[in-house]
2 protein chains.
Amino acid sequence: MVHQTCTESDIAGASFSIHPMSDQFIEIIKGALEEADTSKVHMDTDDVTTTVRGKLTHVFDVTKAIFAHAAKSGKHVAFEATYSLGCPGDSKGEAYLAEDEIPLNAEHVKHIKQRVAAKFSLYPLGGGNYMDVIYSQIEAMKQYVDVSHAHYATRLDGEAIAIFDGLEKVFKATVEGGSSHTVMTVSMSANSPSHRGTNQNE
Amino acid sequence: MVHQTCTESDIAGASFSIHPMSDQFIEIIKGALEEADTSKVHMDTDDVTTTVRGKLTHVFDVTKAIFAHAAKSGKHVAFEATYSLGCPGDSKGEAYLAEDEIPLNAEHVKHIKQRVAAKFSLYPLGGGNYMDVIYSQIEAMKQYVDVSHAHYATRLDGEAIAIFDGLEKVFKATVEGGSSHTVMTVSMSANSPSHRGTNQNE
C-alpha cells in the first residue's frame with residue numbers, strides 16, 4: 001500500500017523546498033545545498049522537495065544552514081518545510097541515528113544576519129489535548145522571536161537563525177511532552193520586496 | 001492569547017504561496033491573482049502567504065485557478081498550500097458562506113494543460129483512527145492521478161487540474177467522514193527543469 005507510513009522511531013526528518021524567486025534559482029539552490037555540511041543526515045532531492053532524515057538536531061541544523069546560505073544571495077527566497085517525528089516512512093536513514101549530537105553547521109551560520117517573516121503550524125497527531133500543546137508551545141515561542149496570529153498558523157518575525165532555533169526548541173518540547181507523532185510546517189520568506197525582512201549582509 | 005484559534009464552523013480556508021522561480025515573479029504572481037475570479041472568497045495577501053476563506057468549493061476553485069494561471073507563464077512555479085476546515089481562526093470570512101456552490105473559475109481553467117508533480121499530506125486532527133482515514137483517502141486518490149510514496153507525504157503526478165480536483169474530493173471525504181478539524185498540505189511544482197512536468201501549452 002502506498003501511504004504516509006508510520007512506525008515508532010527516534011528518526012526525525014523534514015521534507016522541504018527552497019524557492020529563490022530569481023532566474024538564477026538553480027545556482028542559488030545548488031550553491032546552498034553544497035555549502036551546507038550534510039554528512040550527519042540522509043538527504044535526497046527530487047523534483048518537488050528535498051528530504052533530510054536523521055537526528056532532530058541535525059535535521060534542523062541542516063535546513064537552517066541551507067536556508068541561510070540561499071537567503072544571503074540577497075534574492076527573494078522562500079523556504080517551505082514539513083518537519084516530522086514519529087512517522088519515518090521507512091528505515092533508510094536509521095544508520096544516521098548513530099551520529100553524535102554536535103551540529104556541523106551551527107557555528108558557521110550563527111552570525112548570518114537575515115531578517116525574515118515566517119508562519120508555522122504545529123500538529124501533534126494521534127489525539128489527546130493537542131490544542132493545549134499547540135497553545136503552550138506558541139507561548140514558549142515568544143521567548144525567542146516576535147509572535148503574532150495568522151490564519152491557520154502563527155506568525156514569527158525576527159532573525160532567521162533565532163526563528164529556526166525557536167522552532168527546534170518548540171518541536172523538541174512537543175515530542176518530549178509525549179506527542180507520539182509530531183508534524184510542524186514552516187513557511188519562511190527572506191528579502192521580499194513587500195516586507196521588512198531584508199538581508200543585512202549587503 | 002495568540003494562537004491557531006479553533007472553533008466549529010463550516011468555513012474552509014487555505015494559506016498558500018505561489019513561488020515563480022523567475023526575475024519576473026512579481027508580475028507572474030500579480031497577474032495570476034488578477035486573472036482569477038475571487039469574488040466568492042475572502043482573500044488577503046501578506047508578505048509570507050495569501051489566505052483565502054469561504055466555502056470549500058470556492059477555496060479549491062480559486063487556488064487551482066491562481067496556480068494554473070501562474071504556471072502557464074512557462075516559468076518554474078511552485079505552489080505551497082495548507083488547506084484547513086474546522087479551525088477558522090476568526091469569523092471574518094463567514095459572510096462568504098452565503099455564496100452558492102457554483103465555482104467561478106472551473107470552466108475557465110479546466111482546459112489548461114499543465115503536467116505537475118505534487119506531494120500532499122492529510123492530517124485529520126483531534127484523534128481517532130486518523131491513520132485509517134489517511135490510508136483510505138490515499139487509496140481513493142488513485143482514481144484520479146498517479147500516486148506513489150514519498151517521505152512524510154504522498155506523491156501525485158498528472159495534470160494540475162486533475163490533481164486539484166482529486167485533492168478537493170479527498171478533503172471533502174475526510175470532512176464528511178467525521179473529522180472535526182482537517183488539515184491538508186500540498187506542494188506542487190510545474191515546469192521544473194529537473195522533472196517531467198512541462199507546460200504543454202507552449
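From a predicted model like this one, the values you see are computed outputs, not experimental measurements. (Residues numbered from 1 in each chain as written. Chains lettered and ligands numbered in written order. Predicted model: local features only at pLDDT ≥ 70, side-chain atom pairs only at ≥ 80, totals over all residues. Heavy atoms only, no water.)

Time to look at the overall build of chain A. A tally of helices and strands in chain A yields five helices and eight strands. The order of α-helices and β-strands along chain A, N terminus first, is β-α-β-β-α-β-α-β-α-β-β-α-β. Considering only contacts within chain A whose residues lie at least 6 apart along the sequence, 81% involve residues at least 24 apart. Carbon and sulfur atoms form 48% of the exposed surface of chain A, whose accessible area is close to 7600 Å². (Helix = DSSP H or I, 4+ residues; strand = E, 2+ residues; numbered from the N terminus. Contact = heavy atoms within 4.5 Å. Areas by Shrake-Rupley, 256 points an atom, 1.4 Å probe, with all protein chains shown as cover.)

Residue and element names in this part refer to chain B. Counting buried residues along strand E3 (residues 50-54), five of its five residues qualify, which places the element largely inside the surrounding structure. Looking at chain direction, strand E1 (residues 12-20) and E3 are connected through five bridges and run antiparallel. Bridging across to E3, Ala14 finds its partner in Val52. In this structure, strand E2 (residues 42-45) lies alongside E3, joined through four bridges in antiparallel fashion. Across the sheet, Met43 pairs through a bridge with Val52, a residue of E3. (Buried < 20%, exposed > 50% of the residue type's maximum accessible area, 1.4 Å probe, protein only. Pairing = 2+ DSSP bridges.)

Bringing helix H4 (residues 130-141) of chain B into the picture now. Over its twelve residues, H4 of chain B extends 17 Å from the first C-alpha to the last, a length consistent with the 16 Å expected when each residue adds 1.5 Å. Every buried residue of H4 of chain B is listed here: Tyr130, Met131, Ile134, Tyr135, Gln137, Ile138, Ala140 and Met141 of chain B. (Expected span 1.5 Å × (residues − 1).)

This part is about the pairing of E1 of chain B. Residues and elements named next belong to chain B. Of all nine residues in E1, nine are buried, a share of seventy percent or more. Burial along E1 is two-sided: Ala12, Ala14, Phe16, Ile18 and Pro20 facing one way and Gly13, Ser15, Ser17 and His19 facing the other are all buried. Across nine bridges, E1 lies against strand E4 (residues 77-85) in antiparallel orientation. Note on E4: the bridge partner recorded for Ser15 is Thr82.

What follows covers the sheet that holds E1 of chain B. All names here are of chain B. Judged by pairing direction, the sheet is antiparallel, and its eight strands sit side by side in the order E2-E3-E1-E4-E8-E5-E7-E6 without closing on themselves. Of all strands in the sheet, those with a lone pairing partner are E2 and strand E6 (146-150), marking the two edges. Strand after strand, the sheet turns through a mean of 20° between neighbouring axes, direction not considered. Across the sheet, helix H5 (residues 160-176) lies against E4, strand E5 (115-125), strand E7 (153-159) and strand E8 (181-190), angled at about 170° from E8, the strand it touches most. (Axes fitted to C-alpha atoms, helices over the stretch in contact; angles between N-to-C directions.)

Residues and elements named next belong to chain A. Read from one edge of the open sheet, eight strands run E2-E3-E1-E4-E8-E5-E7-E6, paired in antiparallel fashion. In this open sheet, the two edge strands, each paired with only one partner strand, are strand E2 (42-45) and strand E6 (146-150). Across the sheet, the mean angle from the axis of one strand to that of its neighbour is 20°, orientation sign disregarded. The pairing of E6 with strand E7 (residues 153-159) spans five bridges and is antiparallel. Residue pairing for E7: Ser148 is matched across the bridge by Arg155. Helix-sheet contacts for helix H2 (residues 56-71) involve strand E1 (12-20), E2, strand E3 (50-54), strand E4 (77-85), strand E5 (115-125) and strand E8 (181-190), and the interaxial angle to E1 is about 5°. Running over the sheet, helix H5 (residues 160-176) touches E4, E5, E7 and E8 and is turned about 170° from E8.

This part takes up the environment of Phe16 of chain A. All names here are of chain A. Locating Phe16 in the fold gives a position in strand E1. For Phe16, a relative accessible area of 1% corresponds to the buried category. Ignoring anything within four residues of it in the chain, the contact list for Phe16 reads Thr49, Thr50, Val52, Thr63, Ile66, Phe79, Glu80 and Ala81.

As a further point, take the nonpolar core. It is characteristic of soluble globular proteins that their nonpolar side chains tend to be buried jointly. Residues Phe67 and Tyr83 of chain A together with Phe67 and Tyr83 of chain B are the most contacted members of the largest nonpolar core, which totals 107 residues. Filtering out sequence-adjacent residues up to four positions away, Tyr83 of chain B remains in contact with Gly13, Ala14, Val59, Phe60, Thr63, Phe164, Phe171, Thr182, Val183, Met184 and Val186 of chain B. (Core = buried A, V, L, I, M, F, W, Y, C linked by side-chain atoms within 4.5 Å.)

Residue and element names in this part refer to chain A. Looking at the element boundaries, Arg155 is found in strand E7. Judged by its relative accessible area of 9%, Arg155 is buried. At a separation of 2.8 Å, a polar atom in the side chain of Arg155 contacts the side chain of Asp157. (Polar contact = N/O pair within 3.5 Å; in protein donor to acceptor, adjacent residues only side chain to side chain.)

Right, let's talk about the environment of Ser39 of chain A for a bit. Tracing the sequence through the fold places Ser39 of chain A in the loop between helix H1 (25-35) and E2. Polar side-chain contacts of Ser39 of chain A include one of 2.6 Å to the side chain of Asp37 of chain A.

Residues and elements named next belong to chain A. Here the UniProt-annotated "binding site: thiamine" (unreviewed entry) positions come out as Ile18 and Thr50. In three dimensions, the annotated residues from a span of 33 residues occupy one location, with a maximal C-alpha spread of 8.8 Å. The exposure class of Ile18 is buried, given its relative accessible area of 9%. Those residues in contact with Ile18 that lie beyond four places of it in its chain are Ile29, Ile66, Phe67, Ala70, Val77, Ala78 and Phe79. (UniProt positions renumbered as here; feature names shortened; annotations may be inferred.)

Note on placement: Thr82 of chain A falls in strand E4. Taking relative accessible area as the criterion, Thr82 of chain A reaches 13% and is therefore assigned buried. With residues up to four places along the chain from it excluded, the contact list for Thr82 of chain A reads Gly13, Ala14, Ser15, Val183, Met184 and Thr185 of chain A together with Tyr123 of chain B.

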